[in-house]
Amino acid sequence: MLAVALRRRDAEESVTSIARHLGIGRSTLYRTLAAYDEAIRGISSAGEIVRC
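Report on the accompanying structure. Bear in mind the structure is a predicted one, so any value in this text is a computation, not a measurement.

1. Here we look at the overall build of the protein chain
Line of reasoning, step 1. Each helix and strand in the protein chain was counted, giving 3 helices and 0 strands.
Line of reasoning, step 2. Of the regular secondary structure in the protein chain, the N- to C-terminal order runs α-α-α.
Line of reasoning, step 3. Expressed as a percentage of the 52 residues in the protein chain, the buried residues total 15%.
Line of reasoning, step 4. Taking the intrachain contacts of the protein chain between residues at least 6 apart in sequence as the baseline, contacts between residues at least 24 apart amount to 35%.

In C-alpha cells form, the structure reads like this:
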C-alpha cells in the first residue's frame, strides 16, 4: 500500500485521489506519508539510505 501511495504521490497525484483509490481516509494517508518522510530524513541524515 505504501509503495503505491508513494509512486502516485511522486507522480503528483492528489492525496484525496490516492486515498480514495486505496480505500483509506485522507488523514490516515497524510499521517502515513509524514511518518515515512520523517523516517527517511532520519536515515538519510545518517548517510545510510537516500530516497531517489
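Next comes the rest of the account.
2. Quick look at the nonpolar core
Line of reasoning, step 1. In terms of nonpolar packing, the biggest core is built from 7 residues, these being Ala5, Leu6, Val15, Ile18, Ala19, Leu29 and Leu33.
Line of reasoning, step 2. Where this core is concerned, the elements lending two or more residues are α1 (2–10), α2 (15–22) and α3 (26–45).
Line of reasoning, step 3. Residue contributions to this core peak at 3 residues, all from α2.
Line of reasoning, step 4. Ile18 has contacts with Ala5, Arg8, Arg9, Glu13 and Leu29, leaving out every residue within four places of it along the chain.

3. Side note on the pattern of salt bridges
Line of reasoning, step 1. Scanning the model with the defined rule gives 2 salt bridges in all.
Line of reasoning, step 2. Between Glu13 and Arg8 there is a salt bridge, with its nearest N and O atoms 2.7 Å apart.
Line of reasoning, step 3. For Arg8, a relative accessible area of 21% gives the class partly exposed.
Line of reasoning, step 4. Its salt-bridge partner being Arg9, residue Asp37 comes within 2.8 Å of it at the nearest N-O pair. With Asp37 in helix α3 and Arg9 in helix α1, this pair connects stretches of sequence that are 28 residues apart.

4. Notes on unusual backbone geometry
Line of reasoning, step 1. Positive phi values are uncommon outside glycine, yet Glu12 reaches one of about 65°.
Line of reasoning, step 2. Along the chain, the position of Glu12 falls in the loop between α1 and α2.
Line of reasoning, step 3. A relative accessible area of 73% means that Glu12 is categorised as exposed.

5. Details of the packing of α1 against α2
Line of reasoning, step 1. Taken N-terminus to C-terminus, the directions of α1 and α2 make an angle of 150°; their axes are 10 Å apart at the nearest point. Comparing the axis directions of α1 and α2 gives the class roughly antiparallel. Seen along the crossing, α1 lies across α2 with a hand that is right-handed. On the side of α1, the interface is formed by Val4, Ala5, Arg8 and Arg9, while α2 contributes Ser17, Ile18, His21 and Leu22.

Conventions we followed
Residues numbered from 1 in each chain as written. Predicted model: local features only at pLDDT ≥ 70, side-chain atom pairs only at ≥ 80, totals over all residues. Heavy atoms only, no water. Helix = DSSP H or I, 4+ residues; strand = E, 2+ residues; numbered from the N terminus. Buried < 20%, exposed > 50% of the residue type's maximum accessible area, 1.4 Å probe, protein only. Contact = heavy atoms within 4.5 Å. Core = buried A, V, L, I, M, F, W, Y, C linked by side-chain atoms within 4.5 Å. Salt bridge = Lys/Arg side-chain N within 4 Å of Asp/Glu carboxyl O. Axes fitted to C-alpha atoms, helices over the stretch in contact; angles between N-to-C directions. Parallel < 35°, antiparallel > 145°, perpendicular 65-115°, else oblique. Left-handed = near helix turned anticlockwise from the far one by under 90°.

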